[in-house]
Amino acid sequence: ETASAQKNIWFDMEKKTQDGGVLAKPHRIPGLFILSAKSADLLCTLNTFPGTAAYGHKIISAKTHQAEDGEDGGEREYVVCNPFKSKLTAAIVGGIESLPIAPGSCVLYLSNCPGVTLSYVSDIVGPTGIVYVVENNIKAGANLVKLAKSRTNIIPIIGNARHPSKYRTSVGVVDVLFAEVDQPEQARIVALNASYFLKNRGRFLMSTNAKCVDPTEEPHVVFAHQVSALRDEKFKPLEQLTLEPFYRDHAVLTGIYRPPKQ
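What counts as what
Residues numbered from 1 in each chain as written. Predicted model: local features only at pLDDT ≥ 70, side-chain atom pairs only at ≥ 80, totals over all residues. Heavy atoms only, no water. pLDDT = per-residue confidence, 0-100. Helix = DSSP H or I, 4+ residues; strand = E, 2+ residues; numbered from the N terminus. Axes fitted to C-alpha atoms, helices over the stretch in contact; angles between N-to-C directions. Parallel < 35°, antiparallel > 145°, perpendicular 65-115°, else oblique. Left-handed = near helix turned anticlockwise from the far one by under 90°. Contact = heavy atoms within 4.5 Å. Nonpolar A, V, L, I, M, F, W, Y, C, P; charged D, E, K, R; others polar. Buried < 20%, exposed > 50% of the residue type's maximum accessible area, 1.4 Å probe, protein only. Pairing = 2+ DSSP bridges.

A.B. asks: Any details on the confidence of the model for the chain? Residues and values, ideally.
C.D. replies: Averaged over all residues, the pLDDT of the chain is 87; the fraction at 70 or higher stands at 87%. Within the chain, helix H1 (residues 3–16) has the poorest average pLDDT of any element, 55, and strand S9 (residues 174–180) the best, 97.

A.B. asks: Help me get a handle on the packing of helix H5 (residues 186–197) against helix H7 (residues 219–232), residues and values and all.
C.D. replies: Running from N to C, H5 and H7 point in directions that differ by 25°, and their axes come no closer than 9 Å. Relative to H7, the element H5 is oriented roughly parallel. Where H5 crosses over H7, the two elements pack in a sense that is right-handed. Taking contact as the criterion, the partners of Gln186, Ala187 and Val190 in H5 are, on H7, Gln226, Ala229 and Leu230. Within the contact of H5 with H7, the residues separate by chemical class into four nonpolar, two polar and no charged.

A.B. asks: Report on the pairing of strand S12 (residues 250–257), specifying residues and quantitative values.
C.D. replies: Of all eight residues in S12, seven are buried; the element is thus mostly enclosed. Direction of pairing for strand S11 (residues 235–242) relative to S12: antiparallel, over a ladder of seven bridges. Looking at S12, one finds that Thr242 is bridged to Ala251.

Structure (structure tokens):
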């Protein structure tokens, strides 16, 4: 199906959940859930900070399928994840096998313009996790500071991801490095930040826009070059997934930093 048709189906599914009778079931990936309402199933996160709705998210109250102790978990707030607004969501809906970001994770998030994905990550890591967000734009940084007041597991860093030495005292050692920088030198930016902050055997997740990296090359060639560049910087890529039909010429790469020697 075309991306336009997929988008219409997705928004129609969102509308169907308004009819009530919604149940939330755990997704195969920890920290995520599936909202089931009649014929509609939606990917969602549990709202870690109830009563807040960042970036105009759709919030749905739903009964949990089953609490950990086997009892009815009652109603909770869930945030609908839209793959047309988040590359992370597109990767999950597209069938990524393993998500490096998990409940309790300490994440360094590099993004040109943190948006809806940031709140999804905040929800996934939950109250015991931390999300350091590096933002170079002063205006966007001010919005991040405002968001962090309501989402207390977010720590905004106003800085340039190309120069991690300038914010090295503000970020601790992290479990996961998540990058959406869309720059020609993004592999170098990821490697430089990893050398400062990512623990040995830590995980990485990198979204790549082929046309931003090299508009003259075919996307599959660009992705192959990115994998090679990461290997040269002590990363071990584990999975590559294209983001069609949600994003054209995009892919995500996941893997391990400084894995143990065989």
